[in-house]
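The residues making up each chain are set out below.
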Amino acid sequence: MATLNLNVERCKSCSYCIISCPKKALQLSGSLNKEGYDYVIVEDDKCIRCGICYTVCPDNVFEIAE
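All of the points below concern the structure found in this document.

1. Here we look at the environment of Arg-49
No. 1: Assignment of secondary structure puts Arg-49 in the loop between β3 (38–42) and α2 (52–56).
No. 2: Each C-alpha atom, one on Arg-49 and one on Ser-13, is 20 Å from the other, the two residues being 36 residues apart in sequence.
No. 3: Setting aside residues up to four positions removed in sequence, Arg-49 forms contacts with Ala-2, Thr-3, Leu-4 and Asp-44.
No. 4: One polar contact links the side chain of Arg-49 to the main-chain carbonyl oxygen of Ala-2, over a distance of 3.2 Å.
No. 5: One polar contact links the side chain of Arg-49 to the main-chain carbonyl oxygen of Cys-47, over a distance of 3.0 Å.

Here is what the cut-offs are and how they apply
Along each chain, numbering runs from 1 in the same order as the chain's sequence is written. Local features in this predicted model are restricted to residues of pLDDT 70 or higher, and side-chain atom pairs are both shown and tallied only at a pLDDT of 80 or more, whereas totals for entire chains, interfaces and linings draw on every residue. Excluded from the side-chain calculation are hydrogens and water; included are all heavy atoms of the structure. Secondary structure counts use DSSP, requiring at least four H or I residues in a row for a helix and at least two E residues in a row for a strand, with both numbered from the N terminus. Note on definitions: a residue-residue contact is assigned when non-hydrogen atoms from the two residues lie within 4.5 Å. In the analysis that follows, any N or O atom pair within 3.5 Å is treated as a polar contact, provided that within protein one partner can donate a hydrogen and the other can accept it, and provided that, for residues neighboring in sequence, both atoms belong to side chains.

In structure tokens, the structure reads:
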């Protein structure tokens, strides 16, 4: 199964991924990254690795690896 990796230091809290996720597996963490943005986290048990987050993210936060 593919894994979803996040680089939270790139996240700028735009929420495009959260809005686009069909399984509502993404949410803001409530913590800040080094740039001062509330970064996104994933609930692995809900995520189906569809790649929509990867597609809509303007900051290359997501990586889907085999």
